[in-house]
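Examination of the molecular architecture
Okay, here's what each chain looks like letter by letter:
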Amino acid sequence: MSSKKEGNQYDKIFKENLESVTLALIEKVLQIQVASYEKMPQELQRTVERRPDQLLKITDKQGYTFLLQLEFQLVDEAAMVYRMLEYRGMLSRKYELPVKQYVIFLSDQQPKMPTHIEEPDLSYAFRLVQFSTIDYKLFLSSEKGDEVVFAILGKFGDTHPEEAVALIVERINQTSTSKSELQRHLQQLRILANLRKLTPFIEIMIDSITPYIKKDDDFLFREGKLEGKLEGKLEGKREAILKLLKDGVLTTPQLASYFDVTEEFVEELRKTLTK
């Protein structure tokens, strides 16, 4: 798969989930306390045309009004600082408002792109935020599946990657309000997992629940919420639990909770591994 095609996949996910993830980033990561906001036209054209990924007019709780520009960047682009400077000039000229600019870097590699220019008669800088340094629990705790999927790009800290993936999949399961929404979020999760090299963990967890979302009667939805985590097909649960027991990361209570079985059931399966 070409890097351009991969980039388009990630762009598509951000566009699909843009409003939810933008507000979460503004308040939880950038620590901007929004009192009100207004979406602004994104087309900027003089001799060249530029279109910011996200552009908002924000008034914070202190009454300060400014433009906020967010760019979601996958490639460590050395010339990014000049592109951001172009945006800054166009935005300032068009709207005559203070401008705050952030580049949200999605890859887990350490970015080397310059963030400032210091030249005679020119001093400029933008702010760079590396997504992999953000605590994944900020997104895991969300009530919106559109936000939860981005937990996969965050920092797991002391949590083992396999356990973090299991928690993310479980949370997506809990926050999805329809089968089609759940399937969309799981597909997004698969794509984003490539950025963190977590595809094997993702596949194990998703494979453990996909048998329950292929047919309409496998998931029961009541008042827009998913009823039960995994219904029926006990044999499918057995196989998934055995896989995770062999990896030895998740505890018996975690497995019992995730697969909606008793701890005794999990312990009986654990015993079969030692025979």
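Residues numbered from 1 in each chain as written. Predicted model: local features only at pLDDT ≥ 70, side-chain atom pairs only at ≥ 80, totals over all residues. Heavy atoms only, no water.

1. Topic: the overall build of the protein chain
Going by this rule: Only DSSP runs of H or I with at least four residues qualify as helices, and only runs of E with at least two residues qualify as strands; both kinds are numbered from the N terminus onward. A simple rule labels every residue: compare its accessible area, found with a 1.4 Å probe on the protein chains alone, to the largest value its type can have, and call it buried under 20%, exposed over 50%, or partly exposed in between. Contacts are assigned to residue pairs that have any heavy atoms within 4.5 Å of one another.
A count of helices and strands for the protein chain gives 11 helices and 11 strands. Looking at the 275 residues of the protein chain, the share that counts as buried comes to 47%. For the protein chain, long-range pairs separated by at least 24 residues make up 60% of all intrachain contacts whose partners lie at least 6 apart in sequence.

2. With respect to the nonpolar core
Our working definition: Only buried residues count toward a nonpolar core. Its members are Ala, Val, Leu, Ile, Met, Phe, Trp, Tyr and Cys residues joined through side-chain atoms within 4.5 Å.
By size, the foremost hydrophobic cluster in this structure holds 61 residues, and its most contacted members are F150, I152 and I168. Among the nonpolar cores identified, the runner-up in size contains 10 residues, and M80, I117, Y124 and F126 belong to it.

3. Details of the sheet that holds strand 9 (residues 127–130)
To be explicit about the condition: Should DSSP find at least two bridges between two strands, the strands are regarded as paired. Lines fitted to the C-alpha atoms define the axes, with helices restricted to the stretch that makes contact. Angles between their N-to-C directions range from 0 to 180 degrees.
Strand order in the open sheet made by the 5 strands is 1-4-5-6-9, with mixed pairing throughout. Bordering the open sheet on either side are strand 1 (34–39) and strand 9, each of which pairs with just one other strand. Neighbouring strand axes in the sheet, compared pairwise and without regard to direction, differ in orientation by 30 degrees on average. Looking at chain direction, strand 1 and strand 4 (residues 54–60) are connected through 5 bridges and run antiparallel. The residue of strand 4 that forms the bridge with K39 is L56. Here helix 3 (residues 80–95) sits on the sheet and contacts strand 4, strand 5 (65–73) and strand 6 (99–105); the angle it forms with strand 5, its principal contact strand, is near 150 degrees.

4. Observations regarding the confidence of the model for the protein chain
Selection criterion: Per-residue confidence from the predictor is given as pLDDT, running between 0 and 100.
On average, residues of the protein chain score 80 in pLDDT, and 80% of them reach the 70 mark or higher. Considering only residues more than four positions removed or in separate chains, one finds that residues 214–233, a stretch of pLDDT under 50, has 46 contacts.

5. Focus on the packing of aromatic side chains
Operational definition: Two rings from Phe, Tyr or Trp (for Trp, the six-membered ring) form a pair when their centres sit within 6.5 Å of each other. Planes less than 30 degrees apart are called stacked, planes more than 60 degrees apart edge-to-face, and all others tilted.
Going through the model one piece at a time under the given rule, you end up with 4 aromatic pairs. Aromatic pair F131 and F150: ring centres 6.5 Å apart, planes at 35 degrees, arrangement tilted. In this pair, F131 sits in the loop between strand 9 and helix 4 (137–140) while F150 sits in the loop between helix 5 (145–148) and helix 6 (161–175), placing the two residues 19 residues apart along the sequence. Each member of the pair F131 and F150 is classed as buried. Taken together, a centroid distance of 5.1 Å and an interplanar angle of 80 degrees make the contact between Y136 and F156 edge-to-face.

6. Things to note about the environment of L140
Structurally, L140 can be placed in helix 4. Judged by relative accessible area, L140 falls into the buried class, the value being 13%. For the pair L140 and E170, spaced 30 residues apart in the sequence, the C-alpha separation amounts to 9.8 Å. Setting aside anything within four residues of it in sequence, one finds L140 in contact with V148, A151, L167, I168 and R171.

7. Points about helix 6
The periodicity of an α-helix, 3.6 residues per turn, causes residues three or four positions apart to be oriented the same way. Convention followed: Here a helix's expected span is defined as the number of its residues, less one, multiplied by 1.5 Å.
Under the 1.5 Å per step criterion, the end-to-end length of helix 6 is 21 Å for 15 residues, consistent within 8% with the ideal 21 Å. When you tally the buried positions in helix 6, you get 12 out of 15 residues, the bulk of the element. Taken residue by residue, helix 6 has E162, E163, A164, V165, A166, I168, V169, E170, R171, I172, N173 and T175 as its buried positions.

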